[in-house]
Amino acid sequence: MALIRFAQASLTRAGATAPCLSCIDFALPAGQTLAVVGGSGSGKSTLAGWLAGWVPHALPATEAGVAEFDGAPLSGALPAVRAGQVQLVQGNPYAALTGCAFTVYDEVAFGPENLGLCEEEIRARCREALALCDAEALAVRAPSTLSGGEAQRVALACALAMRPRLLLLDEAFNRLTPAAADRLLERLRVLPMLTLVLFEKSFERAAGADLMLWLDGGVQRACAEAGVLFDRVLPALTASDAVRAAWRSRAADLWRDGVAAPCSAADALTRFAEVADG
Amino acid sequence: MHPFTGFALLPPLLLLTLRLTDARALAALLVVLLVLVWMGGEHRVRLRRWALLMLPLAAGLWLVHGRYLDSLVFGADVADRPQRLYAAALLWLRVGCLLAGAQVALRLAPPARLTRALFASRLPPSVAYLLASPLLLSVQLRRRLAEVTEAQRARGVDPAAPWPQRARTLIALAGPLVVWTLSDVGERANALDARAFRSVPCRTTLDAPAFTARDRALLAAALAAFVLVAGSWLWR
């Protein structure tokens, strides 16, 4: 059974007449990775909030169609109750700070403490989450003194310490270096029983997902593998020059049939070699 | 010592400062309290804070209660000046004692431990959060102010300009700071929800300060002192 299931779902903000998200239709099995891509204002963050269970408490809106998490309606439950299962990491890491922690360790421990777990379990979770995010050295720092990149790693550690089944990353790596972001993403992908949903403007970061969902103006345009969507989505996203050059070649009919679309800069170079060899 | 124990010592101190009417006794109490402040950590900062508040207060009390302003501006009769100054000195000593006592209590209850004690107490988590969050408010306001200052600097507001010019730009800095701080409330609520705050009735608190037999004894002593001072006052 799919962990997340949308069927012709739409979301209309309170007071609005037209839906802010519509035609959302996909199913994501547990343990898989979905990348939601689209430009600014495409509705990625709204979909992230919807998936995080913010509707209707933190995101006053009404939904239509089917929107389910683990077989239950996505909306209605209190966000705090769902927090043990779903975690959202946003682009602004300071929004994740609770304001009552004097150290990063306290900040990371705050969530598991709220779940009423035993102390050993809380400490184990904190240790593991901080190590996963390369944030062990930050444990004794005050959260307010962290730089953007450090705060982003801490925000991710806070989310991971909750051991969620579904982790939503809404441009959660935008303050990290590409290498650090890729390293973290690789670690997250191999975590057992974790379903990942990335909300990205970067094609290459999204391309590693099992499934790619393209949002445009709040409407789902397509949902398929990255290679299938390459020609359609790339103009709306950011990508390296090599990948963009590959897209131009394909658009100009200079690409050889049978050579797949690239998913990264390194991949693009290999593909170019294949095209040239042919 | 449990952070709450330090605060339990304040009510008898408050009562004692009100009960004492002799300036020498109050001065002796103040000296003892200042020595206790000096013996603790961060004593320079704490003593400086105490002095920064008490010295201007002394000047103000001297000017107003000594009727120096009255006699200078209106030519008022100041024959009762010594009595008035004595009363002002008593007031200053009482305020000084309370502030020094509060510094001692704060030394015994560092904010981080106090926060833990609040969350580990029998208070509902929401009330504990409400009491604990102001302890970090100044840090958050400083961070916000730095962001606002940076943004305003980019728009031509010079925060390092001379005072008259800075006073004119105060609204440009304070306005966004207030609005931003208020808008933080919704953001903070979301952050708390995301950490399952209040999702279960009993939360765990790591390294919760223990309430030891020594704390119980000190609490009993504070209560006994309170009853003793209050009783002696009523008896009189």
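Residues numbered from 1 in each chain as written. Chains lettered and ligands numbered in written order. Predicted model: local features only at pLDDT ≥ 70, side-chain atom pairs only at ≥ 80, totals over all residues. Heavy atoms only, no water.

A. Region of the structure containing the nonpolar core. Residues and elements named next belong to chain A. The biggest cluster of nonpolar side chains holds 63 residues, and the ones touching the most others in it are Val108, Leu156, Leu167, Leu169, Phe173 and Phe203. Here this core takes 8 residues from helix α5 (residues 148-160), the largest share from any one element. Counting contributing residues per domain, this core is built from domain 1 (30-59 + 72-85 + 165-277) and domain 2 (93-163), each supplying no fewer than three. The residues touching Leu156, leaving out its near neighbours within four places in the chain, are Val89, Cys133, Leu167, Leu169, Phe173, Leu184 and Leu188. Listed in part, the 32 residues of the second largest apolar core include Leu21, Phe26, Leu28 and Trp50. (Core = buried A, V, L, I, M, F, W, Y, C linked by side-chain atoms within 4.5 Å. Buried < 20%, exposed > 50% of the residue type's maximum accessible area, 1.4 Å probe, protein only. Helix = DSSP H or I, 4+ residues; strand = E, 2+ residues; numbered from the N terminus. Domains from an automatic or database assignment. Contact = heavy atoms within 4.5 Å.)

B. Summary view of helix α11 (residues 170-194) of chain B. Taking 1.5 Å per residue, 25 residues should reach 36 Å; α11(B) reaches 36 Å between its end C-alpha atoms and fits that length. The sharpest bend along α11(B) measures roughly 30° and falls at B:Val185. The inward-facing, buried residues of α11(B) contact α3 (104-114) of chain A together with α8 (125-132) and α9 (137-154) of chain B. Positive phi appears at B:Ala196, one or two residues downstream of α11(B), with a value of about 60°. (Expected span 1.5 Å × (residues − 1). Bend = angle between axes of the 7 residues up to and from the residue.)

C. Spatial organisation of empty space enclosed by the protein. The full count for this structure, using the stated rule, is 1 cavity of 30 Å³ or more. Of the pockets and cavities examined, the largest cavity occupies roughly 100 Å³. As for the largest cavity, its lining consists of A:Cys100, A:Ala101, A:Phe102, A:Asp106, A:Phe110, A:Glu113, B:Ala112, B:Thr115, B:Arg116, B:Phe119 and B:Arg203. If you list the elements that add at least two residues to the lining of the largest cavity, you get α3 of chain A together with α7 (111-120) of chain B. Among the elements that take part in the lining of the largest cavity, α7(B) stands out by supplying 4 residues, more than any other. Broken down by class, the residue content of the lining of the largest cavity amounts to 6 nonpolar, 1 polar and 4 charged. (1 Å grid on protein atoms, 1.4 Å probe; cavity = no way out; pocket = protein on both sides within 12 Å on 5 of 7 lines; lining within 4 Å. Points joined across faces, edges and corners; volume = space filled by probe spheres on them. Nonpolar A, V, L, I, M, F, W, Y, C, P; charged D, E, K, R; others polar.)

D. Focus on unusual backbone geometry. Residue and element names in this part refer to chain A. Here the bond from Val55 into Pro56 is cis, since omega is 0°, no more than 30 degrees from zero. In the Ramachandran plot, Asp70 falls in the positive-phi region, its phi being about 55° despite a non-glycine side chain. Looking at where Asp70 falls in the secondary structure, it is placed in the loop between β4 (61-69) and β5 (72-73). A relative accessible area of 33% places Asp70 in the partly exposed class.

E. Representation of the packing of aromatic side chains within the structure. Per the counting criterion, the structure on display carries 9 aromatic pairs over all chains. Seen from their ring centres, A:Phe110 and B:Phe119 are 5.9 Å apart, and the 70° between their planes marks the pair as edge-to-face. Of this pair, A:Phe110 sits in helix α3 while B:Phe119 sits in helix α7, on two different chains. For A:Phe110, a relative accessible area of 3% gives the class buried. What links up through ring pairs into an aromatic cluster is the set A:Phe110, B:Phe119, B:Tyr129 and B:Phe197. Positioned over the ring face of B:Tyr68 is B:Arg81, at 3.6 Å from the centre of the ring. (Phe/Tyr/Trp six-rings, centres within 6.5 Å; stacked < 30°, edge-to-face > 60°. Lys NZ or Arg CZ within 6 Å of the ring centre and 35° of its normal.)

F. Geometry of the pattern of salt bridges. Going through the model one piece at a time under the given rule, you end up with 26 salt bridges over all chains. Two residues, A:Arg123 and B:Asp207, come together in a salt bridge whose shortest N-O distance is 3.0 Å. Separated into two different chains, A:Arg123 in helix α4 (residues 119-132) and B:Asp207 in the loop between α11 and α12 (213-235) make up a pair that spans both. What makes A:Arg123 partly exposed here is its relative accessible area of 25%. The network of salt bridges with shared partners includes A:Asp106, A:Glu113, B:Arg116 and B:Arg203. (Salt bridge = Lys/Arg side-chain N within 4 Å of Asp/Glu carboxyl O.)

G. Structural detail: the UniProt feature "transmembrane region" (unreviewed entry) in chain B. Residues and elements named next belong to chain B. Annotation from UniProt places "transmembrane region" (unreviewed entry) at residues 47-64, 85-106 and 217-235. Taken end to end, residues 85-106 has its terminal C-alpha atoms 31 Å apart, with 100% of it in helix and 0% in strand. For the annotated span residues 217-235, helix accounts for 100% and strand for 0% of the residues, and the straight-line distance between the end C-alpha atoms is 26 Å. (UniProt positions renumbered as here; feature names shortened; annotations may be inferred.)

H. Quick look at the environment of A:Glu119. Mapped onto the elements, A:Glu119 comes out in helix α4. Exposure remark for A:Glu119: the relative accessible area of 28% places this residue in the partly exposed category. In this structure the C-alpha to C-alpha distance between A:Glu119 and A:Gly227, which are 108 residues apart in sequence, comes to 46 Å. Not counting chain neighbours up to four residues away, the residues in contact with A:Glu119 comprise B:Thr204, B:Thr205, B:Leu206 and B:Asp207.

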